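Working through the structure, step by step
Here's the letter readout for the chains.
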Amino acid sequence: MLLGPVQIRELADRLGIRPTKTLGQNFVHDAGTVRRIVREAGVADGDAVLEVGPGLGSLTLAILEAGACLSAVEIDPPLAAALPETVRAFTPQADARFAVLRQDALKVRRGDLAVPSAYAQAHQGASFEPTHLVANLPYNVAVPVILTLLQELPSLRSVTVMVQLEVAERLAAAPGSRVYGVPSAKANWYGQVRRGAKISRNVFWPVPNVDSALVHIDRPETARFPEELREGTFAVVDAAFAQRRKTLRSALAAWAGSPAQAESILRIAGVDPALRGERLTIEDFVKIARAR
């Protein structure tokens, strides 16, 4: 059994929860939507799934319904405390496959995640190593949460998150697109990014002022680029987009030391100094970092 509008309101009233903009709280109350997210995420029986910001538990119950072992991260203390009780009440057979950590997702590190008892038993007490991230992310922290977790949790192979439509379009944008920028390039460091289905604002309570969409990131088994180049590459990305209207020769001047040094590095990398950052692929940014 999943949560509908009536159950969402009853849970919120019982817990004294009033959704706050500060935490980006908009609770999904449509069973079809959360089942669709789980289906498009490819979650199957026995998968190890991480959920961030589970709130009252709408998506949580749908993930557990698919047979997964689920570790959730929730920053709000009352919500985190209530989640195990909600799971026991609505899907008692899944209780051993669920655990929750009260924590800021931006501070999560490998080994921190709560371990469901069923997972611990199957893996001889090992720390939880999720292969899927499935979440309805608060709009104000969506990008940093995605990038932080991909960096901190190398076991993640698949990301399916519901975010604000504009954020989804930014993450999935291709080079040359009007909205291609830092989030697009950095997300591509980790894997292939694509935008999924658009989600109506009417499936949330309270109803937000924006529409949402799914974003999928498929991460290969073997890292796309050497880890030792990540910090340098991300520094190039940040510098290139800090002044979008400038050519790379000018935009990377402070990073390189001078416009002339920037041009020299770009030519070594095989990148035209007259281009702007929005024309470059993540492979181009890596080449520039290597050439420095």
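Before reading further, recall that the structure is shown in the block above.
Here's what I pulled together on the structure shown here. (Residues numbered from 1 in each chain as written. Predicted model: local features only at pLDDT ≥ 70, side-chain atom pairs only at ≥ 80, totals over all residues. Heavy atoms only, no water.)

1. What to know about the overall build of the chain
A count of helices and strands for the chain gives 13 helices and 9 strands. In summary, the chain has a C-alpha radius of gyration of 21 Å against a globular reference of 19 Å for 292 residues, a match within 12%. For the chain, the spread of C-alpha atoms along the three principal axes comes to 65 × 45 × 30 Å. Here the analysis covers contacts within the chain between residues at least 6 apart in sequence; of these, 67% occur between residues at least 24 apart. Of the roughly 12,900 Å² of accessible surface on the chain, 49% is carried by carbon and sulfur atoms. Considering the chain, the positive charge centre built from 34 side chains and the negative charge centre built from 30 side chains are found 7 Å apart. (Helix = DSSP H or I, 4+ residues; strand = E, 2+ residues; numbered from the N terminus. Rg over C-alpha atoms; globule rule 2.2 N^0.38 Å. Contact = heavy atoms within 4.5 Å. Areas by Shrake-Rupley, 256 points an atom, 1.4 Å probe, with all protein chains shown as cover. Lys, Arg positive; Asp, Glu negative; His and termini not counted. Charge placed at Lys NZ, Arg CZ, Asp CG, Glu CD.)

2. Some thoughts on the environment of R194
Inspection of the secondary structure puts R194 in strand β7 (residues 192-199). Here R194 falls in the partly exposed class, since its relative accessible area comes to 38%. In sequence terms R194 and I217 are 23 residues apart; their C-alpha atoms lie 6.6 Å from each other. If we ignore the near neighbours within four places in the chain, the residues touching R194 are A172, L214, V215, H216 and D218. Within the local environment of R194, its side chain forms a polar contact with the side chain of D218, the two groups lying 3.3 Å apart. (Buried < 20%, exposed > 50% of the residue type's maximum accessible area, 1.4 Å probe, protein only. Polar contact = N/O pair within 3.5 Å; in protein donor to acceptor, adjacent residues only side chain to side chain.)

3. Observations concerning helix α1 (residues 5-15)
Since the α-helix packs 3.6 residues into each turn, any two residues three or four apart lie on the same face. Every buried residue belonging to α1 is among I8, L11 and A12, and all of these are buried. For α1, the arc enclosing every buried residue in end-on projection is 95 degrees, short of the 170-degree limit, so these residues lie on one face. Relative to its buried face, α1 has exposed residues pointing more than 90 degrees away, namely V6, E10, D13 and R14. If you follow the buried residues of α1, they end up packed against β1 (27-28), α3 (58-65), α4 (77-90) and β8 (204-205). Remark: G16 follows α1 within two positions and exhibits a positive phi of approximately 70 degrees. (Arc of directions from axis to C-beta.)

4. Points about the packing of aromatic side chains
Taken as a whole and judged by the stated rule, the model has 7 aromatic pairs. Ring geometry for F241 against F285: centres 6.0 Å apart, planes inclined by 50 degrees, an arrangement best described as tilted. Of this pair, F241 sits in helix α9 (residues 230-242) while F285 sits in helix α13 (residues 282-291), and the two are 44 residues apart along the sequence. Exposure class is identical for F241 and F285. Each is buried. By way of ring pairs, the aromatic residues W189, Y190, F225 and F234 are connected into one cluster. Seen from the ring of W255, R292 lies directly overhead, with NZ or CZ sitting 4.5 Å from the centre. (Phe/Tyr/Trp six-rings, centres within 6.5 Å; stacked < 30°, edge-to-face > 60°. Lys NZ or Arg CZ within 6 Å of the ring centre and 35° of its normal.)

5. What to know about the nonpolar core
Core analysis: the biggest nonpolar cluster contains 66 residues, and L252, F285 and I288 have the highest contact counts within it. Examining the composition of this core, we find that 7 residues originate from one element, helix α6 (residues 142-152), more than from any other. Here L252 is in contact with V236, A239, A240, A262, L266 and I288, once residues within four sequence places are set aside. Of all hydrophobic cores here, the second largest spans 36 residues; its members include L2, I8, A12 and M162. (Core = buried A, V, L, I, M, F, W, Y, C linked by side-chain atoms within 4.5 Å.)

6. What about the pattern of salt bridges?
One pass over the structure, following the stated rule, counts 16 salt bridges. Linking R35 and E65 is a salt bridge whose minimum nitrogen-to-oxygen distance equals 2.8 Å. On the criterion of sequence distance, the pair formed by R35 in helix α2 (residues 31-41) and E65 in helix α3 is long-range, its members being 30 residues apart. Residue class for R35 comes out partly exposed when judged on its relative accessible area of 37%. Its relative accessible area of 41% is what places E65 among the partly exposed residues. Here the salt bridges share partners, and the residues they tie into one network are K198, R201 and D211. (Salt bridge = Lys/Arg side-chain N within 4 Å of Asp/Glu carboxyl O.)

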